[in-house]
Amino acid sequence: MNNPAFATHRKIGGDLEVSRMGYGAMRLTGQPGNWGPYPDPEAAKSVLRRAVAIGINLIDTAHAYGAGYNEGLIAEALHPYDANLVITTKCGLTKMGPGIAYRDGRRKAIRTGCEASLSHLRLERIDLLQLHWVDEDTPIEETVGALAELVKDGKVRHVGVSNVTLDELKRARSVMPIASVQNRFSFADRSQMDIVRYCIEHDITFFPYGPLDGNPAKIGAPLADQTGVLAAEAAKRGCTPSQFALAWLLALSPVIVPIPGTRSVAHLEENAAALKVQLTQAEAAAL
């Protein structure tokens, strides 16, 4: 099938090549509230190592996951890193306790967050640093300007933004090139379709978080339900509902790189196999 949306890799910012299926590491944190260390670190390391072993070379994390513990866990599991491994992290959100955080887009906070992530991940440069949330008290131009300084200083390779509106994305791009956008998006939640279309039009990598419509504060994913909304379509193609939901995202555009998260090696492998469920763009649009 000649479907460009099913290219196996994507180049972020034109030069950072990653697998079309990434892994979101947020689930590997303490609960409740994604706070503190994961209670079974050896099991978590097994998931991370298996992700790399099956060809996933994009791991998505954030300083707020844990806080800091998730980045440290990734380093414990995977450092020294394979030359092709890309670890993306996020800054601009300060975690104070379980489910308690505040946005901070000031220059000092962005730089401090970057330094902390470099230390936790044992990196000299972050391939992709994303603004986690826009600080309502700091203009996004000022925050992105701070990120641009980190690129100039050689601490960051590419910059992305997360949880942004279309206006905020355009304002960010007025300051510097934006390599990626990470917003919530799935078959069940298409409220960010205007952002997706903009990213497609401008060849910006789009990471749809919550690709199985999961709640960050709860375990489970509605679109993975064997009796859910995608069960019948999945059965027609001989795949699981999770795989169908991810295949739908992949079919929309080659700029889309899903980053499903899981605590299970079996679910990790199931998600990765979605690359074999090839929908056409016409099929995806019809659904």
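Calculation criteria
- Residues numbered from 1 in each chain as written.
- Predicted model: local features only at pLDDT ≥ 70, side-chain atom pairs only at ≥ 80, totals over all residues.
- Heavy atoms only, no water.
- Helix = DSSP H or I, 4+ residues; strand = E, 2+ residues; numbered from the N terminus.
- Rg over C-alpha atoms; globule rule 2.2 N^0.38 Å.
- Buried < 20%, exposed > 50% of the residue type's maximum accessible area, 1.4 Å probe, protein only.
- Contact = heavy atoms within 4.5 Å.
- Areas by Shrake-Rupley, 256 points an atom, 1.4 Å probe, with all protein chains shown as cover.
- Pairing = 2+ DSSP bridges.
- 1 Å grid on protein atoms, 1.4 Å probe; cavity = no way out; pocket = protein on both sides within 12 Å on 5 of 7 lines; lining within 4 Å.
- Points joined across faces, edges and corners; volume = space filled by probe spheres on them.

**Q** Summarise the overall build of the chain; cite the residues concerned and give the values.
**A** Helix and strand content of the chain: 10 helices and 11 strands. Computed over its C-alpha atoms, the radius of gyration of the chain comes to 18 Å, within 12% of the 19 Å expected for a compact globule of 287 residues. Taken along its principal axes, the extent of the C-alpha atoms in the chain is 55 × 40 × 35 Å. For the chain, the proportion of its 287 residues judged to be buried stands at 52%. The contacts of the chain with a sequence gap of at least 6 include a subset with a gap of at least 24, amounting to 74%. As displayed, the chain has an accessible area near 12200 Å², and 51% of this comes from carbon and sulfur atoms.

**Q** Which residues make up the pairing of strand β6 (residues 93-97), and what values go with them?
**A** Where β6 and strand β7 (residues 100-103) come together, 4 bridges link them in antiparallel fashion. Among the inter-strand pairings, Lys 95 is bridged to a residue of β7, identified as Ala 101. Hairpin connection of β6 to β7: 2 residues between the antiparallel strands, including Gly 99 at a positive phi of 70°.

**Q** Can you tell me about the layout of surface pockets, naming the residues and giving the values?
**A** Taken as a whole, the largest pocket encloses approximately 970 Å³ of empty space. Around the largest pocket, the lining is made up of 42 residues, and of these Met 26, Arg 27, Gly 214, Asn 215 and Pro 216 lie nearest the centre. If you list the elements that add at least two residues to the lining of the largest pocket, you get β6, β10 (180-184) and α9 (265-272). Looking at the lining of the largest pocket element by element, the count peaks at 3 residues for α9.

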